Amino acid sequence: MTLSFLLANTPIPRDLPLPLPLPEGLLKTLLVLFFLVHILFVNLMVGGSILVVVAEWLGRKRQRWDTLAHAIAKTVTVNKSLAVVMGIGPLLCINLVYTMQWYSANALTGHAWLMIVPLVTVAFLLTYLHKYTWDRWAQGPKKTLHHAIGIAAMLLFLFIPLIFLANINLMLFPSEWEKVRGFFSSLRIGNVLPRYLHFMAASIAMTGLFLAGWFGRKSSDLSHLPGFARPELRRIFYRVTALVTMAQFGFGPLLLFTLPAAGITPQLYAIIFSGAAVGLLTLMVLTLELRASDEQIGRHYGWICALFTVVVLGMGSGRHVYREAALRPHQAAIQERTQSYAAALAEFQKAQAGKPAPAEPDAHQLFMNCAACHAPNTKLVGPPLTEIAQIYAGNPEGIVTWAMAPGKKRPEMPQMPPFAHLGEASLRKIAELMLEKGKVP
C-alpha cells in the first residue's frame with residue numbers, strides 16, 4: 001500500500017512533539033527485551049493452567065496424576081504474579097514509542113480491552129481457590145466442582161491473551177481501523193487466529209521445558225509425588241515439549257504465510273528461517289534426550305534452554321522488524337501531519353502578532369455585564385441604580401470592593417456573583433457610570 005493511498009483512506013492524527021525520557025532506539029530495544037521476559041511468564045501461566053487441567057483429569061483414574069496436577073498448580077500462581085509484574089516494562093515502552101497506534105487500537109477494541117483487569121482478577125481468584133481447595137474438595141461432587149473451577153480459570157487464561165493479541169495485531173494496520181466495530185470485528189483484521197495458535201503452542205512447549213527442569217533438578221524433593229521418578233518426569237515433560245515443538249513447524253508457516261504484506265521484508269524472512277533452523281536443532285537435541293537412559297537424561301537440558309532462548313530472541317526480533325516495517329508509512333504520515341500543523345500554527349501566530357491590540361471597552365460596554373440585574377429605576381434581580389447611587393454617593397471604590405467579593409445583604413434577593421475577573425480598572429469605570437446613571441434628576 002502506498003503512502004498516498006494510506007493518506008487518502010485513513011484519518012491521520014497529529015502527534016504532540018514531547019521529548020522521550022530515553023533515546024528512541026534504546027526504548028525499542030527495551031521493549032523487545034521486556035516483552036520477551038513478560039511473555040515467558042505468560043507462557044508458563046497459560047501453559048501451566050492447561051497442563052493442570054489435563055493432569056487433574058488423568059488423576060480421576062490414577063491418583064498420582066492428581067498429585068502431579070497439584071504440584072503444577074503451585075507453579076501457576078507464582079508465574080502469574082511474575083507475568084503481571086513483568087508486564088509493566090513493555091507496556092510503558094510501547095506507550096512511549098507507538099503512542100498513536102497503541103491508544104487507537106485500545107479505543108477500537110473497546111469494552112473487551114476495559115474488561116482485561118476484571119477478567120484477570122477473576123482468573124487469579126479462581127486459580128487460588130483451585131489451589132487451596134485441592135485437599136478439601138478431593139472426592140465426589142466437590143472434586144467435580146474443583147475440576148470445573150480449574151477449567152474456568154484455564155478458559156479465562158486462554159481468552160485474556162486473545163484480547164491482548166487482537167489489540168497488538170490491530171495497531172499494526174491503521175488502514176483497517178475504520179472497519180473495526182469492537183473486539184470481535186478486530187479479530188478479522190490481519191491474522192489473529194494463526195498468531196493465537198502459535199502463541200498457545202509456544203506456551204505449552206515452554207511450560208513443558210520449564211517443568212522438565214523444575215521436577216528434574218537434583219535438589220527437588222519428589223516425596224510429595226509418589227509414583228513418579230525423576231527420569232520419568234523429565235521424559236513426560238520433554239515429550240510434551242517435543243510434540244508441541246513439532247506442531248510449531250505447522251503453525252509457524254501458517255503464521256508466516258497469512259501475515260499481511262505490509263510488514264514483510266527480506267530481513268524478516270532471514271530472522272524467521274534462522275529461528276526455524278535453530279528450532280529444528282532444538283528438536284533434535286530433545287529427541288536425543290528422550291532416547292537417553294534414565295541415568296543420562298537431563299544432561300543436555302542447559303543446551304536445550306540455550307537453543308530455545310535463541311529461538312525466542314529470533315521470534316521477538318522478527319516481531320519488532322515486522323512491526324517497524326508495517327507502521328513505517330503511518331509513522332511518516334503522522335510526522336508530516338505534525339510538521340504541517342506546527343507550520344500552520346506558527347504562521348497564524350505570526351499573523352496575529354502583526355495586528356493592532358483590540359481597543360479597551362468603554363464604560364457603557366462594560367456595564368452590559370450588570371444591565372441584566374440593575375435597571376435605572378426598577379428593581380430586577382438586584383437593586384435599581386438610583387438606590388445604589390444613594391448608598392455609594394461619592395464612593396465608587398465601595399462599588400468596586402463590593403463587586404470584587406460580594407456578600408448576601410438582602411434575604412429577598414439572590415447573592416450577587418463576584419466580578420473580580422473584570423479587574424479593578426474596569427469595575428471602576430462601571431461604578432462611575434452606575435453612579436452617574438443613578439442620579440435623581
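Along each chain, residues carry numbers from 1 onward, in the same order as the chain's sequence is written. Local features in this predicted model are restricted to residues of pLDDT 70 or higher, and side-chain atom pairs are both shown and tallied only at a pLDDT of 80 or more, whereas totals for entire chains, interfaces and linings draw on every residue. Here the side-chain values reflect all heavy atoms present in the structure, with hydrogen atoms and water set aside.

For the rest of this paragraph, the subject is the overall build of the protein. Summing up its helical and strand segments, the protein has 16 helices and 0 strands in all. The globule rule is 2.2 Å times the number of residues to the power 0.38, and the radius of gyration it is compared with is taken over C-alpha atoms. Computed over the C-alpha atoms, the radius of gyration of the protein is 35 Å, more than 25% above the 22 Å expected from 2.2 N^0.38 for a compact globule of 441 residues. Reported as C-alpha extents along the three principal axes, the dimensions of the protein are approximately 120 × 60 × 35 Å. Burial here depends on accessible area, computed with a 1.4 Å probe over protein chains only, as a share of the maximum for the residue type. Under 20% is buried, over 50% is exposed, and the range in between is partly exposed. Split into buried and exposed, the 441 residues of the protein put 45% on the buried side. Areas reported as accessible are Shrake-Rupley estimates using a 1.4 Å probe. Residue values count occlusion only from the protein chains shown. Total accessible area computed for the protein in this model is approximately 23,500 Å², and 67% of it derives from carbon and sulfur atoms. Note on conventions: DSSP H or I runs of at least 4 residues are helices, E runs of at least 2 residues are strands, and numbering of each starts at the N terminus.

Here the focus is the nonpolar core. Counting 91 residues, the largest nonpolar core has V46, L68, M171, F215 and F237 as its most contacted members. Leaving out residues up to four positions away in the same chain, F237 has contacts with L51, L68, I72, G208, L209, L211, A212 and F215. Of all hydrophobic cores here, the second largest spans 18 residues; its members include A403, A431, L433 and L435. Take the buried Ala, Val, Leu, Ile, Met, Phe, Trp, Tyr and Cys residues and link them wherever side-chain atoms come within 4.5 Å; each set so joined is a nonpolar core. In this analysis, two residues are considered to be in contact whenever any of their non-hydrogen atoms come within 4.5 Å of each other.

Turning to the environment of L44, a few remarks are in order. Looking at the element boundaries, L44 is found in helix α2 (residues 24-59). Classification of L44 by relative accessible area gives buried; the value is 6%. Considering only alpha carbons, one finds L44 and T207, 163 residues apart in sequence, at a separation of 5.0 Å. Once you skip the residues sitting within four places of it in the chain, L44 turns out to touch N79, M206, T207 and F210.

Stacked, edge-to-face and tilted are the three classes for Phe, Tyr and Trp ring pairs, Trp counted by its six-membered ring, which pair at centre distances within 6.5 Å; planes under 30 degrees apart are stacked, over 60 edge-to-face, the rest tilted. Scanning all chains against the criterion turns up 11 aromatic pairs. Both rings, one in W102 and one in W113, keep their centres 5.4 Å apart while their planes meet at 90 degrees; by these two values the pair is edge-to-face. Relative accessible area serves as the criterion here: at 3%, W102 is assigned to the buried category. On the basis of relative accessibility, which here comes to 18%, the residue W113 falls in the buried class. Both rings, one in F159 and one in F183, keep their centres 5.9 Å apart while their planes meet at 85 degrees; by these two values the pair is edge-to-face. Taken together, the residues span a long stretch of sequence, with F159 in helix α7 (residues 140-170) and F183 in helix α8 (residues 183-186) at a distance of 24 residues. Members of the aromatic cluster, joined through ring pairs, are W102, W113 and F164.

So, about the environment of A55. Along the chain, A55 turns up in helix α2. Spatially, the C-alpha atom of A55 lies 90 Å from that of M434, the residues being 379 residues apart in sequence. Setting aside anything within four residues of it in sequence, one finds A55 in contact with W65, D66 and A69.

So, on to the state of the cysteines. Disulfides are defined as pairs of cysteine sulfur atoms found within 2.5 Å of each other. This structure, assessed with the given rule, holds 0 disulfides. Free of any disulfide, C370 has its nearest neighbouring cysteine sulfur in C373, separated by 8.3 Å. Given a relative accessible area of 14%, C370 falls into the buried group.

A separate point is the packing of α2 against helix α12 (residues 301-353). Remark: α2 packs on α12, axes separated minimally by 10 Å, with the N-to-C direction vectors making an angle of 135 degrees. If you check the angle between α2 and α12, you find them oblique. Considering how the two elements wind past one another, α2 and α12 form a crossing that is right-handed. Every residue of α12 that contacts α2 at K28, L31, V32, F35 and L36 is listed here: V312, L313, G316, S317, R319, H320, R323 and E324. A fitted line through C-alpha atoms serves as each axis, taken over the contacting stretch for helices, and the angle formed by two N-to-C directions is quoted from 0 to 180°. Any angle that falls under 35 degrees is termed roughly parallel, while one over 145 is termed roughly antiparallel, one within 65 to 115 roughly perpendicular, and all others oblique. Left-handed describes a crossing in which the near helix is turned anticlockwise from the far one by less than a right angle; the clockwise case is right-handed.

Across the protein, pLDDT averages 91, with 97% of residues at or above 70. The least confident element of the protein is helix α1 (residues 3-9), whose mean pLDDT is 51; the most confident is α2, at 96. Values of pLDDT, the confidence the predictor places in each residue, fall between 0 and 100.

Glancing now at the environment of E387. Structurally, the position occupied by E387 is in helix α14 (residues 385-391). Residue classification places E387 among the partly exposed positions, given a relative accessible area of 24%. Once the C-alpha coordinates of E387 and P376 are considered, the two residues, 11 residues apart in sequence, prove to be 9.0 Å apart.

This paragraph deals with the pattern of salt bridges. Note on definitions: salt bridges are taken to be side-chain nitrogens of Lys or Arg within 4 Å of carboxyl oxygens of Asp or Glu. What the rule picks out here adds up to 10 salt bridges. Linking R410 and E387 is a salt bridge whose minimum nitrogen-to-oxygen distance equals 2.6 Å. Here R410 is found in the loop between α15 (396-404) and α16 (424-437), whereas its partner E387 is found in helix α14, with 23 residues between them in sequence. The shortest N-O distance in the salt bridge between R428 and E397 comes to 2.1 Å. Note that R428 is positioned in helix α16 and E397 in helix α15, a separation of 31 residues in sequence. Taken together, the shared-partner salt bridges connect E24, K28 and E324 into one network.

Here E289 shows up in helix α11 (residues 266-291). In protein, a polar contact requires one atom able to donate a hydrogen and another able to accept it; more generally it is a pair of N or O atoms within 3.5 Å, and residues adjacent in sequence count only if both atoms are side-chain atoms. Separated by 3.4 Å, the side chain of E289 and the backbone nitrogen of H300 make a polar contact. Setting aside anything within four residues of it in sequence, one finds E289 in contact with Y238, Q296, I297, G298, R299, H300, Y301 and I304.

Attention now moves to the side chain of R64. Tracing the chain through its elements places R64 in helix α3 (residues 63-86). The exposure class assigned to R64 is buried, which follows from its relative accessible area of 17%. Within the structure, the side chain of R64 is placed 2.6 Å from the backbone oxygen of G227, a separation counted as a polar contact. Only 3.0 Å separates the side chain of R64 from the side chain of E232, close enough to count as a polar contact. Those residues within four positions of R64 in sequence are excluded, and the remaining contacts are P226, G227, F228 and E232.

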